[in-house]
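Coordinate inspection notes
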Amino acid sequence: MKETAYTYKNLPIPGGGYVTGFLFHPEKEDILYIRTDIGGCYRFDYKDRHWNSLSESVNMFDLSETYPIAIAVDPKKPERLYIASGTDQSSDENGKPWGKLSVSEDYGNSFTHQKIPFYVHGNMNGRGTGFRLVRDPSTENTLYFASQKDGLWRTDDLGKSWERLETGGEAYMTFVWCSENGKTLIAGSAGVTTGNERFRGHSLYISYDRGEHFERMPMPESIEMEGSKWSGYVAQRYDYDGHYFYCTLSNTGRHSYVTQTGYSCDSGDVVGGRVIRYEFGNDGYISGYEDITPNCAADESGVYVFDREDVLDYGFGGISSCKSMPGLLAVSTLCRNEGDILYISHDYGKNWEVAMFDLSIGNLHFKTSYMKPQFNGGHSLLHWMSDVKINPFHPDEVWFNSGTGVFVGQNFTRNDRSFCDCCQGIEETVHLNVYSPVDGPVQALDIVGDLGGFAFQSFNAPCENSFADEEGNRYITCINADFSDLHPDAVIVTPRGNWTGKTKGGLILSNDYGRTFHRIPLPFGISDYLDERFRMIECPNVNSGWVALSSDAKSVVYCVAEGIDLFAKGVIASNDSGKNFYKVRIYNLEKEDISNSAEHFKVYSDRLNPNVFYGFGDGLKLFFSSDQGKSFFQITKPYFAEQELCLGLIDCANKTEIRGDGGKEGIFYVALGKFGLYKLIFSKNAEKENEVKLQRLSESGDQVYRVGLGLLSSESGYLGCDKALYICGRLEGIYGFFRSFDDGHTWEKINDERQQFGDINSIDGDSRCFGRFFIATGSFGLKYGEPV
């Protein structure tokens, strides 16, 4: 197979997702790494002020490296990096979970990998705690790992073999620390296997003999937290400054949506936070702890002081000292309703000052558009500040994370300190669909999880804001969009309402290429089932469904979602751009009305004929409408087993993609995963003649998961012309991205082993630029590829 060299770049967002931890090298300057929950790891380039991804060689068949739970460095070999990662899909033939240990000898540019025999998941609740992976400073080949569910482990041969250590009977761990001489270990736990109905078990254990025996460390006694799903302190983060060992504690909150692993910010909320410190005696033993919880806070009225013994309505996350300025500490709150706080102390935590709060203290400002206060209700969007790190060589530089990128503070030890997002190069977003409009100022329509969507007018600059209402309040997690090739200014989208409740889910419509939107009111009163779904969709963060827009931009067919399912009983239509809706009628081959059934049903519009819509059911069961979506008639039996090919799901739940051929009537390209790639050609009178041609474009055994259409040549047009095909899949046993200029007769491979980009959710060719195509990734942002 021919190979054509391509270069890949991002349409910049940047940031977007939860960065779960930082790591400075303790002995060499300017080495800083981060781990993310779904986007792998990055290294910061101090010269260019840019984050470089270390994980883009991951492909969709093994995503474990995109889910790192821990990173570690070798204090004596600054070029060495360790990463522990994994997902729920990581298990052996007997169902036993395993993780992956990746070791680099060149600062993360390349890795060797091996399986590790315990549970690892980088996107599981509790991912905001740590460090879970540490190297014994006294022994080069010894590592310790604190698993989320499988206890504390040690390897003395860099991961080739592992031994489980006994930590008081507890299996749910949060971190591990190893002393300079390797003799003392401290392990944090979630107290799940040792808990009872009332309280979690003990959370801190210490060993003075390299892990052969552990005993309980002294710590605050758990108390009943009013409304907590499960009371009991859980150790979150730690730091050691050579004199004191510091630890932050939190309790499961009142609104946590999980219980056992609901001990960090990522489960909903935490309460009852504490900050404690330990001092080692001359004999190397710890005798007790001191409570150094900050006893000041801030709200809209300013800073106030309270009793250190008060039970707090929030938790604490990150904590950091600085070896070049003894006594300096930073600590962050978690899930504080009034807004999270970053504290500073100059005396080892004896006294604290509010260094940053919302927009009123600390000079917090934003460079990235969607982060700006005007798009977030006039407040800071900071949340999930579960880690903070002071640069060990430069105490005025402090970093902290959030649920949507990373931030850096300058002049941290001074009164003129300031903070700003620093996400250049981080593209940790889940992209669900991508489209290339045929005309107008927008170059790409990007449908995104969490952030909603972007209408890119430039390949080099972020959008001014994501999809938002008239007041700038953002919608989140759009599922799909549709637009008219003949009227590309008309764009309709299916968003969720945001967490604040300032926007509601359903349908939003743009008449300016996706730059601004107004919401179409949900049509209550059609049926009890739909009313129930509409009430749910108007709640924050609920899937809205799937939509198709006719080529004249007047008719809308809306498949209302129930979770990730699209059912026939949820299909409605409008023929006046969403002003009025009615229930669509759907009939099977026996002419039976299945409109109120739970059969899967996903709709697409014809790219040319405004009267025609198509319905797709499981197994590639096809339906046809010639009356602007009022009624659909089944015209084929399923081509494949319905239980093996589900087309009625959304939110990337199935690895398939369907693309209409722009400027042509009745032609679709369908990527059907393990079944391959096909071309569908509907006759213009398909409803009466039941005539559909299904043409296979891939060889038997080939797998094709995503498909997009682009310009056939630099001289050809797009609408009504033959197209280039862009796919991702496995051809001739080789996985990658491919293009074809002859409708699939021959293919060219257009990526190398470092250009795989994890999970791929959608592909589309550029309708205006020959050779360019777009990739909606599940971990690495929106990519575009061009020939070198």
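Counting from 1, residues in each chain are numbered in the order their sequence is written. Only residues with pLDDT of at least 70 get local features here, since the model is predicted, and only at 80 or more are side-chain atom pairs given and counted; chain-wide, interface and lining totals rely on the full set of residues. Calculated side-chain values reflect all of the structure's heavy atoms, with hydrogen atoms and water omitted.

Some points on the overall build of the chain
- Comment: elements are numbered from the N terminus, with helices defined as DSSP H or I runs of at least four residues and strands as E runs of at least two. Helix and strand counts for the chain come out as 2 helices and 60 strands.
- For a compact globule of 788 residues, the expected C-alpha radius of gyration is about 28 Å, and the chain comes in at 27 Å, within 12% of that figure.
- Its C-alpha atoms put the chain at 90 × 55 × 50 Å along the principal axes.
- To sort residues, take the accessible area from a 1.4 Å probe on protein chains only and compare it with the maximum for the residue type: under 20% means buried, over 50% means exposed, and anything in between is partly exposed. Considering the chain as a whole, with its 788 residues, one finds that 64% of them fall into the buried category. Radius of gyration here is computed from C-alpha atoms only, and the compact-globule reference equals 2.2 Å multiplied by the residue count raised to the power 0.38.

Some words on the nonpolar core
- Grouped together as the largest cluster of nonpolar side chains are 66 residues, with contacts concentrated most on Trp51, Trp399, Phe412 and Phe737.
- Broken down by element, the residue count for this core peaks at 4 residues, all from strand E59 (residues 773-777).
- In this structure, Phe517, Tyr614, Phe632 and Val670 belong to the second largest nonpolar core, which totals 54 residues. Side-chain atoms within 4.5 Å are what join buried Ala, Val, Leu, Ile, Met, Phe, Trp, Tyr and Cys residues into a set we call a nonpolar core.

Brief notes about empty space enclosed by the protein
- Residues are said to line a cavity or pocket when one of their atoms sits within 4 Å of a point; the points come from a 1 Å grid over protein atoms alone, cavities being sets where a 1.4 Å probe fits but cannot get out and pockets being open sets with protein on both sides within 12 Å along at least five of seven lines. Grid points are joined across faces, edges and corners, and a volume is the space filled by probe spheres set on the points. Across all of its chains, the model carries 2 cavities of 30 Å³ or more by this definition.
- Looking at the largest cavity, its volume works out to about 510 Å³.
- As for the largest cavity, its lining consists of 36 residues, of which Asn433, Tyr435, Tyr604, Ile658 and Arg659 are closest to the centre.
- Grouping the amino acids of the lining of the largest cavity by side-chain chemistry returns 18 nonpolar, 9 polar and 9 charged.
- As a working rule, the residues Ala, Val, Leu, Ile, Met, Phe, Trp, Tyr, Cys and Pro are called nonpolar, Asp, Glu, Lys and Arg charged, and the rest polar, with Gly in that last group. Classifying every residue of the lining of the second largest cavity gives 3 nonpolar, 3 polar and 1 charged.

Describing the environment of alanine 490
- Here alanine 490 is to be found in the loop between strand E37 (481-483) and strand E38 (491-493).
- Taking the C-alpha atoms as reference points, alanine 490 and lysine 554, separated by 64 residues in sequence, lie 9.4 Å from one another.
- Only heavy atoms matter for contacts: two residues are in contact if any of them lie within 4.5 Å across the pair. Ignoring sequence-local partners within four residues, the contact set of alanine 490 consists of Asp482, Phe483, Ser484, Ser510, Asn511, Leu549 and Ala553.

Things to note about the layout of surface pockets
- In this structure, the second largest pocket spans a volume of roughly 930 Å³.
- Together, 31 residues line the second largest pocket, and Phe24, Pro26, Trp177, Asp239 and Tyr240 are the ones closest to its centre.
- Of all elements in the fold, only strand E3 (19-24), strand E7 (68-74), strand E11 (133-135), strand E15 (173-178), strand E19 (234-240), strand E25 (315-321) and strand E30 (388-390) reach the threshold of two or more residues within the lining of the second largest pocket.
- Its residues assigned to classes, the lining of the second largest pocket comprises 18 nonpolar, 5 polar and 8 charged.

Section: the sheet that holds strand E12 (residues 143-146)
- Pairs of strands are assigned from DSSP output, requiring at least two bridges between the strands. Spatially, 4 strands are ordered E11-E12-E13-E14 in an open sheet, and the strand pairing comes out antiparallel. Of all strands in the sheet, those bounded by a partner on one side alone are E11 and strand E14 (163-165). Strand-to-strand twist in this sheet, taken as the mean axis angle between neighbours without regard to direction, amounts to 25 degrees.
- Bridging between strand E13 (residues 152-155) and E14 involves 3 bridges; their strand directions are antiparallel. Paired with tryptophan 153 across the two strands is arginine 164, which belongs to E14. Lines fitted to C-alpha atoms define the axes here, with helix axes fitted over just the stretch in contact, and angles between the N-to-C directions of these axes take values from 0 to 180 degrees.

What about helix H1 (residues 528-537)?
- Along H1, the residues that are buried comprise Tyr529, Leu530, Asp531, Arg533, Phe534 and Ile537.
- Among the structural elements, strand E42 (556-562), strand E43 (565-574) and strand E44 (582-583) are those in contact with the buried residues of H1.

Section: the side chain of serine 256
- With respect to the helices and strands, serine 256 occurs in the loop between strand E20 (244-252) and strand E21 (270-280).
- Polar contacts, as counted here, are pairs of nitrogen or oxygen atoms within 3.5 Å of one another; within protein the pair requires one atom able to donate a hydrogen and one able to accept it, and residues that are adjacent in sequence qualify only if both atoms are side-chain atoms. At 2.6 Å, the side chain of serine 256 and the backbone oxygen of valine 258 are in polar contact.
- Polar side-chain contacts of serine 256 include one of 3.2 Å to the side chain of serine 267.
- In contact with serine 256, other than residues within four places in its own chain, are Lys229, Gly262, Ser267, Gly268 and Asp269.

Regarding the packing of aromatic side chains
- Two rings belonging to Phe, Tyr or Trp (six-membered ring only in the last case) form a pair when the distance between their centres is within 6.5 Å. Interplanar angles under 30 degrees mark stacking, angles over 60 mark edge-to-face geometry, and anything in between is tilted. By the definition in use, this model includes 59 aromatic pairs.
- With a centroid separation of 5.9 Å and 70 degrees between ring planes, the pair formed by phenylalanine 61 and tyrosine 705 is classed as edge-to-face. Residue phenylalanine 61 is found in the loop between strand E6 (50-53) and E7, and its partner tyrosine 705 is found in strand E54 (residues 703-711); the two are separated by 644 residues along the sequence.
- On the basis of relative accessibility, which here comes to 35%, the residue phenylalanine 61 falls in the partly exposed class.
- Every member of this aromatic cluster is reached through a ring pair, and the members are Phe131, Phe175, Trp177, Tyr238, Tyr240, Phe245, Tyr278, Phe280 and Tyr289.
- The criterion is that NZ of a Lys, or CZ of an Arg, lies within 6 Å of the ring centre and within 35 degrees of the ring normal, and then a charge sits over that ring. Sitting over the ring of tyrosine 718, lysine 723 keeps its end group 4.7 Å from the ring centre.
- Sitting over the ring of phenylalanine 61, arginine 730 keeps its end group 4.0 Å from the ring centre.

Examining unusual backbone geometry
- Cis peptide bonds are those with omega within 30 degrees of zero, and the linkage from glycine 130 to phenylalanine 131 qualifies with 15 degrees.
- Within the secondary structure, phenylalanine 131 sits in the loop between strand E10 (112-116) and E11.
- Residues other than glycine seldom take positive phi values, yet alanine 553 does so here, at roughly 65 degrees.
- You can see alanine 553 is positioned in the loop between strand E41 (545-549) and E42.
- A positive phi angle, near 60 degrees, is found at leucine 620, a position not held by glycine.
- Examined against the element boundaries, leucine 620 turns out to sit in the loop between strand E47 (613-617) and strand E48 (621-625).

Notes on the side chain of arginine 533
- Position of arginine 533 among the secondary structure elements: in helix H1.
- Charged-residue counts in this description rest on Lys and Arg as positive and Asp and Glu as negative, His and the chain ends being excluded. We define a salt bridge as a contact between a side-chain nitrogen of Lys or Arg and a carboxyl oxygen of Asp or Glu at a distance within 4 Å. Put simply, arginine 533 is tucked away with no salt bridge, and the nearest opposite charge, on glutamate 532, sits 4.7 Å away.
- If near-sequence neighbours (up to four positions away) are discounted, arginine 533 is found in contact with Val560, Ala561, Glu562 and Gly563.

Things to note about a nonpolar patch on the surface
- A cluster of nonpolar side chains, Leu486, Leu608 and Leu719, forms an exposed patch at the surface whose accessible area comes to about 230 Å².
- Residue leucine 719 is classed as partly exposed on the basis of its relative accessible area of 36%. What makes a patch is a set of residues exposed beyond 30% relative accessible area and free of salt bridges, joined within 9 Å when like-charged and within 5 Å when nonpolar (Val, Leu, Ile, Met, Phe, Trp, Tyr). The protein chains shown are the only cover counted for residues, whose accessible areas, like all others here, come from Shrake-Rupley with a 1.4 Å probe.

What about the pattern of salt bridges?
- In this structure the tally under the stated criterion is 41 salt bridges.
- Among the ionic pairs, arginine 127 bridges to aspartate 37, the shortest N-O distance being 3.2 Å. Highlighted residues: arginine 127 in the loop between E10 and E11 and aspartate 37 in the loop between strand E4 (32-36) and strand E5 (41-45), separated in sequence by 90 residues. Each of the two residues, arginine 127 as well as aspartate 37, counts as buried.
- Put simply, lysine 100 and glutamate 65 hold a salt bridge, and the shortest N to O gap is 3.0 Å. Separated by 35 residues along the polypeptide, lysine 100 in strand E9 (residues 99-104) and glutamate 65 in the loop between E6 and E7 bring together distant segments of the chain.
- Judged by its relative accessible area of 17%, glutamate 65 falls in the buried class.

Topic: the environment of serine 203
- Within the secondary structure, serine 203 is located in the loop between strand E16 (185-189) and strand E17 (204-207).
- In this structure serine 203 comes out as buried when scored by relative accessible area, which is 0%.
- In this structure the C-alpha to C-alpha distance between serine 203 and glycine 168, which are 35 residues apart in sequence, comes to 9.9 Å.
- Leave out the neighbours within four places in its chain, and serine 203 touches Ala187, Gly188, Ser189, Met219, Tyr233, Val234 and Ala235.

Points about the sheet that holds E38
- Taken in spatial order, the 4 strands line up as E37-E38-E39-E40 in an open sheet, and their pairing is antiparallel. Among the strands making up the open sheet, the edge pair consists of E37 and strand E40 (518-520). Taken pair by pair, the neighbouring strands of this sheet meet at an average axis angle of 25 degrees, ignoring direction.
- Inspection of the sheet shows strand E39 (residues 507-510) paired to E40 by 3 bridges, in the antiparallel sense. Bridge pairing in E40 links leucine 509 to histidine 518.

Spatial relationships are all this shows, so hold off on functional conclusions.
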